[in-house]
Each structure stands twice: as C-alpha cells, then as structure tokens.
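# A look at the structure
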Amino acid sequence: MVMLKIDSIDFYYGTKKVLEKISFDADDGDIIGIIGPNGSGKTTMLRVISAIQKPRSGSIFLDGTDIFKLKQKELARKLAMVSQDNNISFDFSVFEVVLMGRTPHLGRFDYEDEHDFEIVRHAMELTGTSYLKDRSITELSGGEKQRVIMARALAQKPEVLLLDEPTSHLDLSYQLEIMELVKKLAPDMIIIIAIHDLNLAARYCDRIVLIDDGKIVSIGKMEEVMTRENIKQVFKVDALVERHPITNFCHVVPIGNEFKKE
Amino acid sequence: MRPNRWKLITVCLIILTGLTILLTMAIGTVYIPPSEIVGLFLGRDVPSSHETIIFQVRLPRICLGLLVGAALSVAGATLQGLFKNPMADPFIIGISSGAGLGAAFCIASGIVLSYATPLMAFIGASIAVFLVYNIARVGGKVPVDTLLLSGIAVSYFLSAITSFLMYMSENLHQIVFWLMGGLGGSGWGHVKIAFPLIFFGILIIYFFARDMNVMLLGEEAAQHLGIEVERFKRVMMLLASLITAAAVSFSGLIGFVGLVIPHIVRLLVGPDHRILIPSSALFGGIFLVWADTLARTIFAPTELPVGIITAFFGAPFFIYLLRSRKKSIFG
C-alpha cells in the first residue's frame, strides 16, 4: 500500500509566500484534483511534491520516506510528472522519447532491453500513441505531444503520477480519453491532477483540493468542496452546481455576475 | 535497429580515420607513396630519411590533430546539448580567452622552457572557466543564460589583457600565430600528455551520453527522470573544459571545429548522444587532420595557421548544409 503524506508545506519564491500550510494525504487508488484560479499555486504545489522545489518548511513522505532525502533517481522510480511545458526541439522519434522514461531504472552502463521495450510499448498502447511510434517528436500536435509525454511518465512505472493540466491542450475526445486513462491507472497508483476544468475534476476525481492564494480553502469529496459558496469565494463567479439530469455527473455552470441580484 | 545503424556509422568512420592517417602521412613537401608507408609498418626497408619524416614529423602531428579535432568537437557537442544552445562551442565558457592570455603571457615574458606555453595556456583556461562558473552561480544553481553571459564578459576582459600584452610585446608575431592555432612542431611528447586527458575525458562524457539525451528534454523534465541536473551540468562542463584546455594548450585557438562539426554530425547521425559523441570525435579528428594537411602544404614550405583553413573551407560547407536542409538545423 503506497501512501503519500504531505505535511504543512510552506513555500516561498524569494520573499513571496506561494504556498501556506498545505497538508493532505493520499493512498493508492486515489485520484486527487487540485483546483483553483490562475496563480493560486497549483503548479507550484506539484513542483514541490515532485521535489523540483524545496519547501521552506514542512515535509512530504512517500511510503514513510522523506522525498527530499531520496536521490533524484530513486525518486524518479516512484514518482513521475507530466508538466505543461514540453517543448522538445530535437529530432527524436516518439518511441525514443517514451523510452527515456526508463532512464531512472537503468544503470550507467545498461542498455535498454526487451523488458524496457515491452513497458514502453504498453505505455504507448495505454495512451493511444502506438501509431506515432516512428514519427519525430518535433512534428506532433500539442495534443499528441501531451499523450506522448504521458506515455513517458507511465514508462517510469511510478507509484505517484502528477499531472499538470493534462487536458489543457486536448480536444474534447482526448480530454475524456486521458481522464478515462487516469481512471484506469488509478487502482495501482496515486494520481494528483492540477486541473482547470471543474466538470472533468468533478467527474473523475475522488477528492478535490480547492486552493486559493496558496492556501487550502476546502478539501474533501466533490460534493463537499464544489459548493456554490466555495466557487463564488475562490473564483469570484456565481455558478450553478447541480447533477446533470441525464448523466448524473455533478456539474458546474458559471452564470456570471448578472445573477447577483437574484 | 538503431544500434545496427550506429555500428555501421562507427565502422565507416573508423575506416575513414585509418585512410586519413595513411593518406596524410603520404602528403607533404616530400611525397612518400602510401605503399611505401604500409611497407614501413610491415618492417620492410625504406630510406631512413623517409622513416624519420613519417615517425618523427608527420605521425605525431597527425595523432595530435586527431586528438585536438576530437576534443574540440566532443566539447562542442556536449556544451550545445547541455545548454540547448546552437551557438555554444568549447570556447563559450571562457576557455579560449583564458588559454590565450596564459600563452600570450608566457610568450611575451620570453620564457623558453619546453612545455611552458602549453602549461600556462592550460592554467589560464582553468582559471577562466573557474571564474565564469562562479560568477554565474546563484544559490547553488547555474542558470544557462547567466553562464553564457558571464562567459562572454570574462572572455572580453581576458582578451583585453591579451591584446594589451600583444601591443606591448616584442613577440607579437609569435603570439598572433599561437592565437590563430596550429599543429606545427608537434612531437610525441605533446601527444603523450594530450592523449590520456582527451581520451579519458571523451570516454567519460560518452558514458553520460544517455543522460545528455534526457537533458535535451529540458532541465526540469530531466530532473523528473532522475538526473541531478545541477551536478550533472557541473561534471559535464568540467569534462568539456578539461579536454578543450588539453587540446588548445598544444594547438592554440583553432576555431570553427568545435562549433560546426557537432552540427554537421548531428545532421548526419541524429541527435542521440550515444552516436553523436563518438561520431563527433572521429569526424572532428578527420576534419582537423585534413585541414592541417592543407595548412602545411598549400604554401609549403610556409605554414598557414590551421584555424584559417578550418573556417575558410568549413564555413561554406556548413552554409551549404544550412541552405539545403528545410528543417531547422538545431534539434
């Protein structure tokens, strides 16, 4: 059983406080959505959880180990991140890029073997990128690239998968596909997603962390967090939160400021 | 699939290197037919004057040429990949200006001990890189942009001192000749010192080739894939500086090779450092040995600085490649 414990993280850029007292836990199988307005600290939170940024105080334990004490390589075997910005201008094939996901598992003098290729092929199947195998990464569309980077993260065989706006470059059908994939992967890992789309978050995430200005406003099941009051407080927008009559998915309809009088 | 192609490329380049050695040993003020050279290596009798030319003059010079060409090209390829910057070359972090100042200082002050100039050049290069690196360091990190700018700043500063020394010195001609770069006067002594530094430097860089590939995904992505990015940059810069300094200490400042050979090789073999590094080493060596052969024969018995040849013939070829490729050249 994998467990991630994030304990009162404070993070500063210079003197500016970006995250304050961030705490939550996650277990295997959890899909946790981080929502909040632009600049609220979603990406920073993922960067701290992936040990790219060191917090000023607080700690993060994965399986009881302090992640900031792990070697980068050890951490990379347990935790993968799909960032938003993946500009690769070098002429590698898609297969080669996904294969780079095996890096943390290879020793200095190892070459990738059939086992690694198998993992890579599987990751590409899951993300629907097999057909791109021999294409150059430089020729792909934003959506294709996003899925390739996702495949690369899966090739790391992580216990924790962090996704920063995984659906932002994708059209509707791929948005759903990626989120369905997330759901399919979830039983074996912890998945934390920073996500803008409240409806996707509501539909796929087991728990929601709502943050504003670096602080957790509310955390819990979707019904508890995505209330009209919370959304109004954080996003400054009046919204209807309701179950869709046909799909029964919880969904948020922003109605703007005209309805304030109501 | 790939590894097979890589083997083919490597074998071809090794054969080309062998041919280059054989042919350039033949060419010179005295032409010695390749058949005679092969005979010499098989232990047949040849005129002793020819034996001396081959073993004491041409072969050590060719060996040094291969080493220097390899070092500059590999250092260029490494720094271009590390900084993700197509303008990077082995001299970008101050090595050339440091080595130049060291050599100019030595020549201007009239020290005539053997190896004094290479030693001073090496010390100068080391100090320059140390300066550049530490100026660019901000809280344990070395951002690439800052590093490049600090490299330029330090280079200008050191070059100013070099110019001043040249202006004041009576040995102006000698300093200028050193700065332009050349392999004249190389002997086995030079090869013996340069070989271990350059060979093992390149070998270690090669062991990090896969990590270099991952660095091309971006520093943050590389970190997510388990690379200790800052330490990795430090080690690679140290190695690239070491082989460059070892090379220029004996050859002077041979430009162009370290900038352009990696680009040419990348066009031919692709961006994967596991083939790019060994190919650059061999191709750079071959290129420099031919350039040097031209430099010593074109106006024989006068020798041209080889830096003139490398740029004069290399640049148009590179421009041709730039124009004939539709895709962007870097990446």
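Going by the structure above, here's the rest.
So, here is what we can say about the structure in this document. (Residues numbered from 1 in each chain as written. Chains lettered and ligands numbered in written order. Predicted model: local features only at pLDDT ≥ 70, side-chain atom pairs only at ≥ 80, totals over all residues. Heavy atoms only, no water.)

The subject of this paragraph is the overall build of chain A. Looking only at helices and strands, chain A has 9 helices and 12 strands in total. The C-alpha radius of gyration of chain A comes to 19 Å, within 12% of the 18 Å expected for a compact globule of 262 residues. Once the C-alpha set of chain A is aligned to its principal axes, its extents read approximately 65 × 40 × 35 Å. Taken across its 262 residues, chain A has 53% of its residues classed as buried. Put simply, 63% of the contacts in chain A that link residues at least 6 apart link residues at least 24 apart. Per element, the accessible surface of chain A, about 11800 Å² overall, is 51% carbon and sulfur. If the 34 positive side-chain charges of chain A are averaged to one point and the 41 negative ones to another, these points end up 5 Å apart. (Helix = DSSP H or I, 4+ residues; strand = E, 2+ residues; numbered from the N terminus. Rg over C-alpha atoms; globule rule 2.2 N^0.38 Å. Buried < 20%, exposed > 50% of the residue type's maximum accessible area, 1.4 Å probe, protein only. Contact = heavy atoms within 4.5 Å. Areas by Shrake-Rupley, 256 points an atom, 1.4 Å probe, with all protein chains shown as cover. Lys, Arg positive; Asp, Glu negative; His and termini not counted. Charge placed at Lys NZ, Arg CZ, Asp CG, Glu CD.)

Another aspect to go through is the nonpolar core. With 142 residues, the main nonpolar core has A:Leu161, A:Ile191, B:Leu82, B:Phe83 and B:Leu147 as its most contacted residues. Membership of the second largest hydrophobic core comes to 32 residues, among which are A:Leu4, A:Leu75, A:Ile190 and A:Val209. (Core = buried A, V, L, I, M, F, W, Y, C linked by side-chain atoms within 4.5 Å.)

Together, A:Phe109, A:Tyr111, B:Phe195, B:Phe199, B:Phe200, B:Leu203, B:Ile204, B:Tyr206 and B:Phe207 make up an exposed nonpolar region whose accessible area comes to about 850 Å². Tracing the backbone through its elements, the reader meets B:Phe200 in helix α8 (residues 188-207). (Patch = residues over 30% accessible without salt bridge, like charges linked within 9 Å, V, L, I, M, F, W, Y side chains within 5 Å. Salt bridge = Lys/Arg side-chain N within 4 Å of Asp/Glu carboxyl O.)

All names here are of chain B. In contact at an axis separation of 7 Å, helix α3 (residues 48-83) and helix α12 (residues 257-269) are set at 70 degrees when each is read in the N-to-C sense. Comparing their axes, α12 and α3 come out roughly perpendicular. Within the contact between the two elements, α3 uses Gly69, Leu72, Ser73, Gly76, Ala77 and Gln80 and α12 uses Val257, Gly258, Leu259, Ile261, Pro262, His263 and Arg266. Of the residues in the contact of α3 with α12, the class split is 6 nonpolar, 6 polar and 1 charged. (Axes fitted to C-alpha atoms, helices over the stretch in contact; angles between N-to-C directions. Parallel < 35°, antiparallel > 145°, perpendicular 65-115°, else oblique. Nonpolar A, V, L, I, M, F, W, Y, C, P; charged D, E, K, R; others polar.)

Residue and element names in this part refer to chain A. Applying the stated rule across the entire model yields 21 salt bridges over all chains. Residues arginine 135 and glutamate 139 are paired through a salt bridge, measuring 3.4 Å at the closest nitrogen-oxygen approach. A relative accessible area of 31% means that arginine 135 is categorised as partly exposed. Ionic pairing is found between arginine 228 and aspartate 238, a salt bridge with its closest N-O pair at 3.8 Å. Within this pair, whereas arginine 228 is found in helix α9 (residues 228-235), its partner aspartate 238 is found in the loop between α9 and β11 (239-243), the two being separated by 10 residues in sequence. Residues joined in a network through salt bridges with shared partners are Lys17, Glu20 and Lys215.

Glancing now at the environment of B:Ile127. On the secondary structure map, B:Ile127 appears in helix α5 (residues 116-136). B:Ile127 sits 115 residues away from B:Leu242 along the chain, and the two C-alpha atoms are 12 Å apart.

All names here are of chain A. For serine 136, the position within the fold is in the loop between α4 (114-126) and α5 (142-155). With a relative accessible area of 9%, serine 136 lands in the buried category. A polar contact of 2.7 Å, which involves the side chain of serine 136, links it to the side chain of aspartate 91. Serine 136 has contacts with Asp91, Phe92 and Ser93, leaving out every residue within four places of it along the chain. (Polar contact = N/O pair within 3.5 Å; in protein donor to acceptor, adjacent residues only side chain to side chain.)

Applying the stated rule across the entire model yields 9 aromatic pairs over all chains. For the pair A:Phe95 and A:Phe117, a centre-to-centre distance of 5.9 Å together with 40 degrees between the ring planes defines the contact as tilted. Of the two residues, A:Phe95 sits in helix α3 (residues 94-99) while A:Phe117 sits in helix α4, which places them 22 residues apart along the sequence. Judged by its relative accessible area of 25%, A:Phe117 falls in the partly exposed class. Following the ring pairs from residue to residue traces out a cluster consisting of A:Phe109, B:Tyr206 and B:Phe207. Note that A:Arg56 overlies the ring of A:Tyr12, its terminal NZ or CZ placed 3.7 Å from the centroid. Here the basic side chain of A:Lys133 rests over the ring of A:Phe95, its NZ or CZ set 5.8 Å away from the ring centre. (Phe/Tyr/Trp six-rings, centres within 6.5 Å; stacked < 30°, edge-to-face > 60°. Lys NZ or Arg CZ within 6 Å of the ring centre and 35° of its normal.)

Here the focus is the packing of α3(B) against helix α11 (residues 229-251) of chain B. Residues and elements named next belong to chain B. It is at 9 Å that the axes of α3 and α11 come closest, and there the two elements cross at 150 degrees. Viewed along their axes, α3 and α11 adopt a mutual orientation that is roughly antiparallel. The element α3 and its partner α11 pack so that their crossing is left-handed. For the pair α3 and α11, contact is made by Leu64, Val68, Ala71, Leu72, Val74, Ala75, Thr78, Leu79, Leu82 and Phe83 and by Phe232, Lys233, Met236, Met237, Ala240, Ile243, Thr244, Ala247, Val248, Phe250 and Ser251, respectively. A breakdown of the residues in the contact of α3 with α11 according to their chemical character gives 17 nonpolar, 3 polar and 1 charged. (Left-handed = near helix turned anticlockwise from the far one by under 90°.)

With that settled, consider helix α6 (residues 172-185) of chain A. All names here are of chain A. A rise of 1.5 Å per residue sets the reference length of α6, with its 14 residues, at 20 Å; its end C-alpha atoms lie 20 Å apart and thus fit the reference within 8%. Those residues of α6 that sit buried are Gln175, Ile178, Met179, Leu181, Val182 and Leu185. One face of α6 carries all of its buried residues, which in axial projection span an arc of 150 degrees. Exposed and facing more than 90 degrees away from the buried side of α6 are Leu172 and Lys184. (Expected span 1.5 Å × (residues − 1). Arc of directions from axis to C-beta.)

Residues and elements named next belong to chain A. Across the sheet, which stays open at both edges, the 6 strands sit in the order β6-β7-β8-β3-β9-β10 with mixed pairing between neighbours. Looking at which strands have only one partner, the edges of the open sheet turn out to be β6 (79-82) and β10 (215-220). Geometrically, the sheet is characterised by an average inter-axis angle of 15 degrees between neighbouring strands, direction not taken into account. As paired strands, strand β9 (residues 207-212) and β10 are joined by 5 bridges and run antiparallel to one another. Each residue of the ladder has a partner; that of valine 209, found in β10, is isoleucine 219. Relative to the sheet, α6 contacts β3 (31-35), β7 (160-164) and β8 (190-194), its axis offset from that of β8 by approximately 155 degrees. (Pairing = 2+ DSSP bridges.)

All we've got here are geometric facts, nothing functional implied.
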